[in-house]
Each structure stands twice: as C-alpha cells, then as structure tokens.
There are 2 protein chains.
Amino acid sequence: MRAMHPVPVNTSTVAAEDIASLRHFNRYFTRRIGALDDHYLGQDRPLGEARLLFEIGEDGASLRDLRVRLGLDAGYLSRMVKALDAEGLVRVSVHPGDSRLRIAELTPAGRVEVTEQNLRADALAEGLLKGLTPDQREQLTGALGSAQRLLRLAAIRVEVVDGGHPDAQACLDAYAADIDERFPEGYDPATLVQPCEVSGESGALLVAYEEKRPVACGALTGFDQGGRIGEIRHVWVHPDARRLGLARRLLGELERQAEERGYDVVRLDTHASLTEAQSLYRACGYREIPRYNDDVYGAYFFEKRLGTERPWGP
Amino acid sequence: MRAMHPVPVNTSTVAAEDIASLRHFNRYFTRRIGALDDHYLGQDRPLGEARLLFEIGEDGASLRDLRVRLGLDAGYLSRMVKALDAEGLVRVSVHPGDSRLRIAELTPAGRVEVTEQNLRADALAEGLLKGLTPDQREQLTGALGSAQRLLRLAAIRVEVVDGGHPDAQACLDAYAADIDERFPEGYDPATLVQPCEVSGESGALLVAYEEKRPVACGALTGFDQGGRIGEIRHVWVHPDARRLGLARRLLGELERQAEERGYDVVRLDTHASLTEAQSLYRACGYREIPRYNDDVYGAYFFEKRLGTERPWGP
DNA sequence: TCATTTCTTTGACCCTAGTCAAAGAAATGA
DNA sequence: TCATTTCTTTGACTAGGGTCAAAGAAATGA
C-alpha cells in the first residue's frame, strides 16, 4: 500500500520577512494590547478566576468542558470553582444525564461581575479606537479580520482518516443535516459514501482539524473500475469555519490524494442550489461536463484533469 | 486665557461591531499565538528571565531602561539581573556618566541563549506560516502590518506643550538635524521658532507622544499682527513613527488650534526637496499661493481656509 | 552647601498559578 | 457482573511573579 500520510501543504520556504513581520506584530500586540486587556479584565480578581467566570458565561458549562477549553489541571479548576462558589458567583450542580459531570453556572451576582468585565473590556477597546477616524477604524477591523482568517486557516490541519472514524462520521452527519436543510427536496443520508469506499487504494476521506476539533471533510472515491477517474464527494465545511478558504484547500488536498492514487481526472457533481460551490469549482480549474451519473441531487457536473497545476490555488 | 487642553481627536461614537471585532481578535490572538510564543520563548527558563534577556539584547541596557520598558518593580528586576549574573549570562557595570545607573550587558553565554530564543521563536512563526501559500502569507503580512500601523496611530496622543519643554526642544532639535541632512544647503537652527512665538494666545506647539515618548511635533504661530492668519511650521515626525498617518493628524490638530485662536487661514512654506510634504498638503486641502515671506528655505507656499472641513481627513 | 531626588539593593513578605498523586463515585464495555 | 475508564475532589507541595518598605549612594537644584 502506498504512503497515505498527508503531505505538507506547501513545501516552499517561508520568507524571512514574513516571519519577522509576524513576530514583530506578536510582540507589539501581546505586550501592548493583550497585557492591558488582562490587567483590566481582572481588576481586583485573580486573572484565572476572571477568565473562568468569562468562560462559564451566560449558559454555564460542565467542568470537563472548562477544563478542556482553558487547558487547566482538574484539581486547580475544582478549587477555583469552589472559591467562586464560596463567593456566591457560581453555582455547581450535577449533570442530569451523567452524574460524574458537574455543571457550573453563574449566579445573578456572577452575571453582574461578568457584565462588568465586559464593560471594562469594551471601554478599553473603545478607548483605543477613539484615536482613529471612522474610516481608519473600518480599515483596522478589515485588517484584523483578514489576519485572523489567515491565522485560523494556517492552524488547520488536514488529515486522512478512516471512513469509520467518529470524527469522519460526525462530519458526514453534519454534512447530511446541513444539505437536508438547504435542498428543497431534502437529503437522504443513505446516499452518503460507505466507509469501505473511502479507504485503501482507491479512496480517501479527509478531515480538517482546527485545534483538535473536526471542522471540515471531503471524500475521494474511485469512479470506475479502470482506475483512471476519481470522484470527489461530500466537501463540507462547518459554519464556524467558513470564509477561511478551507473548501479550496480541501479540494486541493483531495486532488493530491487522487494523483497519489494514479487518477488522471477527478469528477464531481453539485446540487443546483449550491451556487457558491459551483463558482469555487470553476475558480479551481474545473470545467462543466455532461451528466455522468444518475445521482438525483446532481444538477451540474464538473471534471478536472490532474497533474498540471500547483496544489492549491492563489 | 482660553482653554488649551487638547480636544478629543474624534467625537464620533465607536461602532459596537468595531469594538467587538477588536476584542474578538484580541482573544484569539493572545490566547493562541501569544501564549504559544511565551511558552516556547522560555523553554526551561522562567518567562520573566527570558523576557529580560531578550530586552537587554545585543546592545545592553540600563536597569532603569529595562524597568520602564518591561514595567517591572525595581527590587524584582534587581534580583532577576543578579540571578542572570550568577548564571553567567549577564554582566553588570556602572554607567560611565552617572554612577547611580547600572548597565546590564549580555555575556557570550547570554548571547547564545538569546540566539536560541530567537531561533525557537522563528521556528514557531515559520510553523504557523507553513500552512499558507506564499500568496496568503503576503496577505497576512500586509494585514498585520496595517493593523499594527493603525493600532500605533490610535495609541499616539497629541498634546499642547510649552515651547520651552524639554520634549518640545528635543523634537525641534531632531527636526533641525533631520532637515540639515536633507537640504543640500543645510539648515541653520537659528531659524527655528522661539518658545515665546508658540505659547499663549497666538501660537501653540504640539508634541505627539507614543507611550510617553515624543515622536512628532508641529508649531503654530501668528503670522500677522491683525490676527486672521496663522502659520504652520516645523511639522516633523520621528523616523520610527513615519507612515502611520501622523503628519496628517498633526496638521489637523494644528488647524484646530488655529481655529480655536480665531484664525481664518493658515499658511505654510516648504522646501523644494520635501516632495512628500507637498503632496500631503495638497491632499489635506491646501492650495499653492505666491511667496509670502523671505524664508531662504521656502520654495513652495500653501494656504488653507479654515472652518469648513472635518477635523482630519479620510 | 544642604535638602531633595533618582537609582539601586536588600530583606521580608504574599498570592497566584500550577503540578502530582491518591481516592471516590459514576458510567461503560466485555 | 466486574474490570476499566471517566470525572471530580482533596491533600500536599512548589515556583514564579510580584509588592512594600527601608536604606545607601550618587546626582541635582536651590
């Protein structure tokens, strides 16, 4: 069996000036804005407790969740929650479904404190932005937005996983539920690929992870027995991870997987309602072809010849 | 005497979404990149010491400087330096000019450690950027760059200071030295405004501060005895603070000061070699007029009628 | 010259943040 | 059913990061 480990997305070396600029920004930002923020957030409460209160939030959260989200030691967390409980800011109860779990929720007093935290943080941000014209603020918002999108994208790792893997199943289920809502005629989950179709020599299932959390998937299957044509299916991105350019990247990874498996051509079909997907495929070098299957959901059919372009587009 | 306190630069309220976007970015960035960076920077050295080593840098620094730059308690700093000295990473000596001051410098071993720090930080940044295409990296660098410029600009405060204030004098001296180099014929510092010309009713001297450090200046004087015309002079920005849009902002502040003093018109002249300045004035609504004085350095003369535009440009 | 200010050092503290191990209680899988 | 895993609590302990006040030495201003 050939190597199926995900190959590095991009082998070109990183320009020293890009590194320097990221480091420079990092230094400036964390020292000047981040440090300020932490200082104001806490006020007369220890930073750890302030963060914990913030993280519990309006809806409450299980200790387990908080532990993972904040990356805290279980004992440390337990003690902090106890302290906040003693101060009347937090109320702890047993999870109704699983009595090993505890749920922490804010009391009214806790809510007040969190509201104050937010007001302070807002005031800090407002004070910063006050020094700019509305136009410049808009520029700043835009710049921070695209920086954040790119940093998120950079941190996402795409992996080949087994079709039966729970993360894969979760993605495919979410995909099915998503398009079931978007297709006027609904979507029958029985139409999803089977695990056996996307493993081994002829197929692959890719899952994209953002900090351990699966946020996107895409499947490659063998289209014919001859083995020259692959089919791409179920390219899906979690709503939280859209507009990062992740679909394009997944597509590129899927094409690379197809090349690795010796396919010359990949095909895919798409529903009439998914117009963004259609533009994406066109932008990535796919061209429309006649219907090649009897998929009830397929309205447009695309194909791309592999082995000529660079891995994933500009 | 009328109130001469600097008025707020901009009175429009800050949009809630701009505040939210800044806070959102801040959370994402400090938790994900900043925290990572700190963790990697230190390795098996306490973070405080690692930061201190970095801050001492190749050129060394006085304890006083370090104390201010890092915002540390004097006793705490003293002890950290002592610890680094004991480890052979830092060497402390008495300042040649002022024996109250101590200078901390890296020993060769300290230099090695800082180099390693830098390599680790570079590797971290490179790992992040590896997930992007060269194109996306360029976008990221651009976005971070403009965000940083805007954040710096937002943090700069413009103040009216007395013409004799040491910060004012420092700026004017730097201005004189700067243009002395740029003018082919040199510049005679005797031509600078006198403190009495920029104080009281008819004139003002503005100094822009970036975190307590003066980084730009600009002077407003009365041009004629009638009191309808003001003259703007000595608009200068420290090289480190250029390309932020600070000159434009200073100009706007000076115009506001002129309006406050009842001037209808402001004039200024500029040297033939300062072409950027000329474009700035044009962009800010100044129009060229005939020579109005016998200044030997003046080659182009501009004027602007006040009281119509918004404080400072788009 | 003398009082005041600036800069550093030292001693004596404190608290936050965090680690590690043990143990109990509930859920899960075989 | 029983062994294993998951989740939380508790005890014991540590290091890092930091504050405060006193005091000495040098510089500065009146």
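Heads up: the structure comes first, above all this text.
Let us look at the structure shown here. Being a predicted model, the structure only gives us computed values, none of them experimental.

Residue and element names in this part refer to chain A. One pass over the full model with this rule turns up 20 aromatic pairs over all chains. On the basis of an interplanar angle of 80° and a centroid distance of 5.4 Å, the ring pair of Tyr292 and Phe301 is categorised as edge-to-face. By relative accessible area, Tyr292 is classed as buried at 14%. Using a relative accessible area of 3% as the deciding quantity, one classes Phe301 as buried.

Moving on, we come to the interface of chain A and chain B. Each partner contributes residues to the interface: chain A has 61 residues there, and chain B has 61 residues. Interface area, chain A with chain B, both sides summed: about 6100 Å², of which 64% is carbon and sulfur. On inspection of chain A and its partner chain B, the count reaches four salt bridges. The partner of Asp122(B) in a salt bridge is Arg23(A), and the shortest N-O contact between them spans 3.0 Å. Here chain A is connected to chain B by ten residue pairs in polar contact (both at pLDDT 80 or more). Going through the elements one at a time, α1 (16–42), α2 (47–56), α5 (108–130) and α6 (134–155) of chain A are the ones with two or more residues in the side of chain A that touches chain B. The residue inventory of the side of chain A that touches chain B, partitioned by class, reads 26 nonpolar, 18 polar and 17 charged.

This brings us to the sheet that holds strand β3 (residues 102–106) of chain A. Strand pairing within a sheet occurs via backbone hydrogen bonds; the two strands may be parallel or antiparallel. Residue and element names in this part refer to chain A. With antiparallel pairing, three strands are arranged side by side in an open sheet as β1-β3-β2. Since the sheet does not close on itself, it has two edges, and those belong to β1 (61–62) and β2 (90–94), each with one partner. In terms of strand pairing, β1 meets β3 through two bridges, oriented antiparallel. Paired with Ala61 across the two strands is Ala104, which belongs to β3.

About the thresholds
- Residues numbered from 1 in each chain as written.
- Chains lettered and ligands numbered in written order.
- Predicted model: local features only at pLDDT ≥ 70, side-chain atom pairs only at ≥ 80, totals over all residues.
- Heavy atoms only, no water.
- Phe/Tyr/Trp six-rings, centres within 6.5 Å; stacked < 30°, edge-to-face > 60°.
- Buried < 20%, exposed > 50% of the residue type's maximum accessible area, 1.4 Å probe, protein only.
- Contact = heavy atoms within 4.5 Å.
- Buried area = accessible area lost by both parts, 1.4 Å probe.
- Salt bridge = Lys/Arg side-chain N within 4 Å of Asp/Glu carboxyl O.
- Polar contact = N/O pair within 3.5 Å; in protein donor to acceptor, adjacent residues only side chain to side chain.
- Helix = DSSP H or I, 4+ residues; strand = E, 2+ residues; numbered from the N terminus.
- Nonpolar A, V, L, I, M, F, W, Y, C, P; charged D, E, K, R; others polar.
- Pairing = 2+ DSSP bridges.

Honestly, it's all geometry; don't read function into it.
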